[in-house]
Amino acid sequence: MSTDYKFEGWLGKDKSSANGKMVWGEYKPKPFADEDVDIEVECCGICGSDLHTLRSDWGPSNYPVVVGHEVVGKVARVGKDVKHVKVGDRVGVGAQSRSCLKTDCYECANGYEQQCKQKEKADTYNTVLPDGSSTYGGFANYTRIQGHWAIPIPKGLPSNEAAPALCGGVTIYAPLRNNGCGPGKKVGIVGIGGIGHFGILFAKALGADEVVAISRSASKKEDAMKLGADKFIATDEDKDWATHHQNSLDLIVSTVSSPKMPLSQYLGLLKFRGQFIQIGAPGDSLPAISAFNLIANEVKLGGSQTGSVEDIKEMMDLMVSKKIKAWIQNRPLKEANKAIVDMDHGQARYRYCLINEEHGGQL
């Protein structure tokens, strides 16, 4: 079956594309399969992963790449095996767009399809599939994904607010929800950026007794308090912060990673059997810690990567029911090069969303 539309997008052709040098052009998506869905892109959030991929920070990228994995739009084409959506439905896709979904795959069979370890698994962009074709993301007019990952967007959630939540939001929603954030808990969020700002919003919405925003400086304190934080720690400015807040938190989720981050002091903020969950994943390594940082208070150090389809659905339902308003700044898709440079310079407050006006997106 042929289509009357072409797949065109912002192509990153080499590492310099991260400096605002993507080029608009046509590309060939994977062959359409019975399990697939094409999405006419209305909007797409900008994620830090996009910049890391354009720069090949996590290993050589499969240039040319079309990044963008926070995509919302209308279904343009549906494979015959896809039953839960139809042409014209508003759907979204996050960081993953394909998994094996086989019953003998532990992750897929148990609702962790985002962690599928089989060769069929694919990220929404920059994955070479078994047939030699590649996946391409949402800095484009259309994107092609496995239908399982086409997630209906609930009524009451604007497209430009849903899109950045599909990766940035669920990346912190899942570890909060899966590690006990709720009434009776005191929660710390390290890093008040695109993902961290979602963390404050979600921790409050999940009912945490206290949410503590943690950053190097107090420059974002006012914003953090407006988002709902109860306390703010500026680690480079607050004298004796580690001692003053010792044994005060049940759960910490860290959105940042650096060899210089005060990880030992962060672990000291945890109560007995508290948990520290790392989700920030740039190219740098974490600092070394002593075994006694874990043993003395029986704390747990763990990690989390995005979320499942059910996690995303649950998160979006929470956004609607609790009237959660993420801080989103709209940028036109045609100005994607300028937007990624601004994102890299830390100008987003707190998440950019590219709007495709040609497909009905509203700035």
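Residues numbered from 1 in each chain as written. Predicted model: local features only at pLDDT ≥ 70, side-chain atom pairs only at ≥ 80, totals over all residues. Heavy atoms only, no water.

### Quick word on the sheet that holds strand 14 (residues 270–278)
The strands making up a sheet associate through hydrogen bonds between their backbones, and the pairing can be parallel or antiparallel. With parallel pairing, the six strands of this open sheet are ordered in space as 12-11-10-13-14-15. Each of the sheet's edge strands pairs with one partner strand only, and the pair in question is strand 12 (231–234) and strand 15 (300–303). The mean angle between the axes of side-by-side strands here comes to 20°, regardless of whether they run parallel or antiparallel. Packing of helix 3 (residues 159–178) onto the sheet brings it into contact with strand 10 (186–190), strand 13 (249–254) and strand 14, and relative to strand 13 it is tilted by some 160°. (Pairing = 2+ DSSP bridges. Helix = DSSP H or I, 4+ residues; strand = E, 2+ residues; numbered from the N terminus. Axes fitted to C-alpha atoms, helices over the stretch in contact; angles between N-to-C directions. Contact = heavy atoms within 4.5 Å.)

### Looking at helix 3
Think of an α-helix as 3.6 residues a turn; residues three or four steps apart then line up on the same face. The largest bend in helix 3 amounts to roughly 55° and is located at A165. For helix 3, the buried fraction is high: 18 of the 20 residues fall into the buried class. (Bend = angle between axes of the 7 residues up to and from the residue. Buried < 20%, exposed > 50% of the residue type's maximum accessible area, 1.4 Å probe, protein only.)

### Describing the packing of helix 3 against helix 9 (residues 309–321)
Between helix 3 and helix 9, the least distance of the axes is 9 Å, while the angle of their chain directions is 105°. Here helix 3 lies roughly perpendicular to helix 9, going by the angle between them. In this structure, helix 3 contributes E161, A165, L166, G169, V170, Y173, A174, R177 and N178 to the contact, and helix 9 contributes D311, I312, E314, M315, M316, L318 and M319. (Parallel < 35°, antiparallel > 145°, perpendicular 65-115°, else oblique.)

### Some remarks on unusual backbone geometry
Cis peptide bonds are those with omega within 30 degrees of zero, and the linkage from Y63 to P64 qualifies with -5°. Inspection of the secondary structure puts P64 in the loop between helix 1 (48–54) and strand 4 (71–78). In this structure, Y350 follows R349 across a cis peptide bond, with omega equal to 0°. By the secondary structure assignment, Y350 is in the loop between helix 10 (336–344) and strand 17 (351–355). Phi is positive for S56, close to 60°, though the residue is something other than glycine.

### Here we look at the nonpolar core
Most often, soluble globular proteins have nonpolar side chains that are buried together. Formed by 86 residues in total, the largest nonpolar core has its most connected members in F139, L176, I200, F202 and M315. Ranked by the residues each element gives to this core, the list is headed by helix 3, at eight residues. Discounting chain neighbours no more than four positions away, the residues touching L176 are C181, V187, I189, G199, F202, A203, L206, L251 and V253. I233, L249, I252 and F276 belong to the second-largest nonpolar core, a separate cluster that totals 15 residues. (Core = buried A, V, L, I, M, F, W, Y, C linked by side-chain atoms within 4.5 Å.)

### So, the environment of F7
Note on placement: F7 falls in the segment before strand 1 (8–11). Measuring from C-alpha to C-alpha, the distance between F7 and P158 comes to 25 Å, with 151 residues separating the pair along the chain. Excluding residues within four positions of it along the chain, F7 makes contact with G25, E26, Y27, P29, D38, N141, Y142, T143 and R144.

### Focus: the pairing of strand 16 (residues 328–332)
A regular strand places its side chains on the two faces of the sheet in alternate fashion. Across five bridges, the pairing between strand 16 and strand 17 is parallel. Residue pairing across strands places Q329 opposite Y352, the latter belonging to strand 17. Handedness of the strand 16-helix 10-strand 17 crossover: right-handed. (Right-handed = clockwise from strand over helix to strand, strands pointing away.)

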